[in-house]
Every structure is written in structure tokens, then in C-alpha cells.
Number of protein chains: 2
Amino acid sequence: MAKEKTDTLAIRISRVLAERIISGALEPGARLRQDHVAAEFGASHVPVREAFQRLEAQGLAISEPRRGVRVAAFDLREVREVAEMRAALEALALRQAAPHLTRAILDQAEDATRASEKARDVGAWEEANRRFHRLLLAPCAMPRLLAAIDDLHAASARFLFSAWRAEWEAPTEHDHRAILAALREGQTEAAVTILARHVQRIGRRPVTSATGTTREAFAIVG
Amino acid sequence: MAKEKTDTLAIRISRVLAERIISGALEPGARLRQDHVAAEFGASHVPVREAFQRLEAQGLAISEPRRGVRVAAFDLREVREVAEMRAALEALALRQAAPHLTRAILDQAEDATRASEKARDVGAWEEANRRFHRLLLAPCAMPRLLAAIDDLHAASARFLFSAWRAEWEAPTEHDHRAILAALREGQTEAAVTILARHVQRIGRRPVTSATGTTREAFAIVG
DNA sequence: CGTGATAGAATTATCTATAATTTGCGATGG
DNA sequence: CCATCGCAAATTATAGATAATTCTATCACG
């Protein structure tokens, strides 16, 4: 997470901008002007351009040739598209990873679940949730697949932050526990099915918090 | 397909380099040196750097932070990873596209199938095969998903060209016809299943041509 | 008087040219 | 024979020049 000295300037800039887009500090449709960003970072505009390209590859920005680059707009349809893609790819990853899951990994995943239930803000929850998914999927040893899933997680996080910027109450993670239980019993396909449905719920249906208040028509799942 | 005037220089360079990587003219692991490429195109190295980044986003090249960029190595494991990802994502796309498929589209897809069976070289076959898949999947109207599938197709094509550079004989497309038949009868799930298996076969098992000679241990499917 | 088009100016993206680090390799000395 | 220093090549960053687009203001025409 720390900005390593070995990273190129473009990479560091793109990370900062990505955070801003995900957190909502930069709103959808906002123009990213290279000179301004360059001035802010005390850099030249060439590394800024490369940072923009990285954002575009992640799907966080879109650039029209010679007309500049804007923060990618994302509506409910986009959210659902990302959810469906995550469901398809995470199911594949879990299926491949399952044979390599050890007891230790499952225990760590359980820790992550507990952490996400204790999270007091969206950022903490997102991090714990991400850790859970990554722990279970990483052993598939398919780097391209994992990279694609990471980008989709970023897009999902963006949606999360837009829905709950201030008030936040952690949900109880039934699905996570069910997935872990199935994996512990060696029922891979059951776990895969739960995971797929779990992820697909993003942006699908309303959810009521523990206090009984109904939130926006979005689901808090990851 | 023509180089449009509106495209940026970096985009045009990346297209040319992508073709070379896919066709095998640039071998896996080969170093891409920005000065040399810049000299070849009579350009400076900044647009070349941006072209490299695009290639990296497509998975055709990998760059190590201050050590240059190389053509992505791809072994059989990588090919299978791409095949699995394509199967998962194309299945999703077809499922979403099915309700919007018209008679006209299916007819065009059948034309594409015939064209691929008549193809006299790998390039022609690849193009026809790509057209078939794109026709059936595009109506899902999920731009991010389609872009991801396109990149995976490029990686697949790369593998195809590496296996059959010179001699080539078009296979008969049983799977394509079975998919079309199922779709015409409204049996979406059956079509999805065939498509998924069809794509997964890439890099999986040997194939014998019409002349009876056994090719390398790869399958010609797409 | 209002609407539309056009020319010019300002802004912005793109490209070139040049300078500054950094890596890798080779030679030299211990 | 190994380690360290130094040189060469390549990547990364900066600054300046070029080209394209957008905005604005003026003028013609209805």
C-alpha cells in the first residue's frame, strides 16, 4: 500500500487519482486536465498522460482521442455489468483455487469476515471484504484472471462509496460464512454457487440494515 | 480497419505492434525498445511509450518498472487461462444477448461460419471466427464485457498463429452450427453450454484434420 | 430584433527534442 | 576468483513546439 520508490511516477499518480475516483472525490463525467494534474503533483504532463491511460485500462476513465479524458460515468446498468462479470470470473477462480485452499487460508478468510462485520466505515469494510475474496481466489494461480477481478473490484468499490459516503453500519456476512462452511466440507460447487449469487446481488435489490431502516435500492455485498 | 485520421499516433503504433505480436513476428520474450520503434515509425518515443502501455493493458506485453517492456511470454498454461476466461465471459454475454438476437443476425452468423470453413489461411479463418462470435455476443450491450472478450480473442489469436503459421486447412464448424441451431429454437441455455465447451477446448486436446494427419496437441477452435 | 454562420482567439491535447536517473555489463584491482 | 568501481545504453521525466478543438464575438441574413 505504501508508495514504493521503485514505482514510476505515472504509477503513483494513477494510484492517487484512482483513489479519488473510487471514493467519489472526482465525480463521474468530470474532466481530467493533464496540465492541472501535472501542476498539482509538481510534475510534467507526460507521466500524467500515462497515468490517465492506466485509469482508462482499469475502466475508471474514458478518453476520447484529442478531446481529453473524463472520469468514467457509471450508472446502475454499469454496476450490474460489473457484478455479472465478477460473478462469472470469481466463480471460475474459486473453482480452480479450491483444491489448493489450506486450513490456514480458510482461517484467515474467517478473520477477514469478522473484520468486515466489525468495520465502522465503508473504507474499512471494503478492505476487509476485498481481503476475503482475494484470499480465497489467489490460489487459482491465474494472474490474468486475478488482475481482471481486481479491476472489477475497484469498479464495485466505486459504487459502494457513492451509495454510503457518510453513515455506515456493517452487515452480517451470511454468505461469506456459508462459502467458508461449504469449502471446509469440500463442497466446492456449492461454494461456487453461493459466491456467484453473492456477487451478483450487487446493485440488484434493496437491503435493510440492522436498525430496520431501508437504504437505497442497492445491496451491500461484495 | 483502416487507420483513421482521428486516431492518435500512439493508437496506430500500438495496433501495428499488436498485429506483429499476434502474428508471431515479434516473439514472446522479445524486448521492445522504445528508441528503435520510434526510429522505425519516424516518431518520438513518448507516443511509443503510450503504445506500449496499451499493449500491456491488452495483455500482449509486460513492463517491468525501470527495466523495459517485453512481449508477453505465453505458454500452454496461459492459453488455458485465456480459454477459461473466454468461456466464462462469452457464456455470460450470450445469455444476455440471446433475447435480442434477430433472424437477420443469426443468418449473418451462419455466413460467417461458412466463410470460416472456406478460409484458406489462418488469418482469414481468424477473422471469420471472430465475426461469428462478435455477431452473437454484441447484442448483450455490455461494453466493458465485450471489450474484455475482445482482448481475450487477441490472446487466443496469438496462440493460433503460433501453432499454424504456414500450412492450414479449415476445420468444419460443428459447434458453430449447433450453437446457431439451438438459438434458432430458442434454447438459450443449450447454446450457452455448447459455446462454453467450444471455447474451453482451445489448447485442450489434439485435433485431426480432414486429411487425417494429426496436428500439434492443440485444438482449432475459437 | 433574433437566429445562424464564420472567423479568430484561447485552451487543451499531442508530439518532438533534450536532460537526468537508473540499470546492466565489463574492467580493474584486491 | 570475487568484489567494487565506472562507463555505456536505455528508460524516465522535463520543457518547449505544434496541431486540433472549443469558445466567443462579430457580421450577414431572415
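That block above? That's the structure.
Residues numbered from 1 in each chain as written. Chains lettered and ligands numbered in written order. Predicted model: local features only at pLDDT ≥ 70, side-chain atom pairs only at ≥ 80, totals over all residues. Heavy atoms only, no water.

**Examining the side chain of B:Ser156**
Within the secondary structure, B:Ser156 is located in helix α7 (residues 143-163). The contacts of B:Ser156, once residues within four sequence positions are left out, are B:Val82, B:Arg86 and B:Ile202. (Helix = DSSP H or I, 4+ residues; strand = E, 2+ residues; numbered from the N terminus. Contact = heavy atoms within 4.5 Å.)

**Comments concerning helix α6 (residues 122-137) of chain A**
Side chains that are three or four residues apart share a direction in an α-helix, a result of its 3.6 residues per turn. Here α6(A) is 16 residues long and its end C-alpha atoms lie 22 Å apart, about the 22 Å a rise of 1.5 Å per residue gives. Near the N-terminus of α6(A), the side chain that reaches the backbone nitrogen of A:Gly123, with its oxygen 3.0 Å away, is that of A:Asp121. (Expected span 1.5 Å × (residues − 1). Polar contact = N/O pair within 3.5 Å; in protein donor to acceptor, adjacent residues only side chain to side chain.)

**Examining the interface of chain B and chain A**
Tallying the contact residues gives 29 residues for chain B and 31 residues for chain A. Taken as a group, B:Gln53, B:Glu81 and B:Arg144 account for 27% of the area that chain B buries against chain A, more than any other trio of residues on that side. For the pair chain B and chain A, the interface holds four salt bridges. Where A:Arg49 meets B:Glu50, a salt bridge forms, and the shortest distance between an N and an O atom there is 2.8 Å. (Buried area = accessible area lost by both parts, 1.4 Å probe. Salt bridge = Lys/Arg side-chain N within 4 Å of Asp/Glu carboxyl O.)

**Thoughts on the relation of the copies chain B and chain A**
For the pair chain B and chain A, the superposition axis carries a translation of 0.0 Å, the fit reaches an RMSD of 0.1 Å, and the rotation angle comes to 180 degrees. Here the transformation between the copies is reduced to the relation of a two-fold axis. An overlap of 100% is found between the interface residues of chain B and their copies at the interface of chain A, pointing to a shared contact surface. (Least-squares fit on C-alpha atoms with pLDDT ≥ 70 in both.)

**Remarks on the sheet that holds strand β1 (residues 31-32) of chain A**
Spatial ordering of the open sheet is given by β1-β3-β2 (chain A), a layout of three strands whose pairing is antiparallel. Strands with a single pairing partner mark the edges of an open sheet, and in this sheet they are β1 and β2 (61-64) of chain A. (Pairing = 2+ DSSP bridges.)

**Quick word on the pattern of salt bridges**
All names here are of chain B. In total, this model carries 28 salt bridges over all chains according to the counting rule given. Arg86 is paired through a salt bridge with Glu90; the nearest N and O atoms lie 2.7 Å apart. Taken together, the positions of Arg86 and Glu90, both in helix α4 (residues 76-97) and four residues apart, correspond to about one turn of that helix. As far as the burial class goes, Arg86 and Glu90 line up, both buried. A salt bridge links Glu126 to Arg130; the shortest N-O distance between them is 3.4 Å. (Buried < 20%, exposed > 50% of the residue type's maximum accessible area, 1.4 Å probe, protein only.)

**Section: the environment of A:Phe159**
Residue and element names in this part refer to chain A. When you line up the elements, Phe159 lands in helix α7 (residues 143-163). Phe159 gets classed as buried once you look at its relative accessible area, which sits at 3%. Sequence separation between Phe159 and Gly24 is 135 residues; the distance between their C-alpha atoms is 8.8 Å.

**Overview of the packing of helix α2 (residues 34-41) of chain A against helix α3 (residues 45-58) of chain A**
All names here are of chain A. Direction vectors running N to C along α2 and α3 enclose 115 degrees, while the axes themselves pass 9 Å from each other. As far as their axial angle goes, α3 and α2 are roughly perpendicular. Relative to α3, α2 is oriented so that their crossing is right-handed. Residue-level contacts link Gln34, Asp35, Val37 and Ala38 of α2 to His45, Val48, Arg49 and Phe52 of α3. (Axes fitted to C-alpha atoms, helices over the stretch in contact; angles between N-to-C directions. Parallel < 35°, antiparallel > 145°, perpendicular 65-115°, else oblique. Left-handed = near helix turned anticlockwise from the far one by under 90°.)

**Things to note about the protein's contact with DNA strand D**
Taken together, 18 residues lie around DNA strand D, and A:Leu9, A:His45, B:Gln34, B:Arg49 and B:Pro65 are the ones closest in. Across the atoms of DNA strand D situated within 4 Å of the protein, the share located in sugar and phosphate is 64%. In this structure, a phosphate oxygen belonging to DNA strand D sits 2.3 Å away from a main-chain N or O atom of B:Pro65. Of all elements in the fold, only α3 of chain A together with α2 (34-41) and α3 (45-58) of chain B reach the threshold of two or more residues within the surface near DNA strand D. Ranked by residue count, the leading element in the surface near DNA strand D is α3(A), at three residues. A per-class count over the surface near DNA strand D returns six nonpolar, six polar and six charged. (Near = heavy atom within 4 Å. Nonpolar A, V, L, I, M, F, W, Y, C, P; charged D, E, K, R; others polar.)

**With respect to the protein's contact with DNA strand C**
Around DNA strand C sit 19 residues in total, of which A:Gln34, A:Arg49, B:Leu9, B:Ser44 and B:Arg67 are the nearest. A distance of 2.9 Å separates a phosphate oxygen of DNA strand C from a polar atom in the backbone of A:Arg66. Where the surface near DNA strand C is concerned, the elements lending two or more residues are β1 and α3 of chain A together with α3 of chain B. Broken down by element, the residue count for the surface near DNA strand C peaks at three residues, all from α3(B). Here the residues of the surface near DNA strand C are counted per class, giving six nonpolar, seven polar and six charged.

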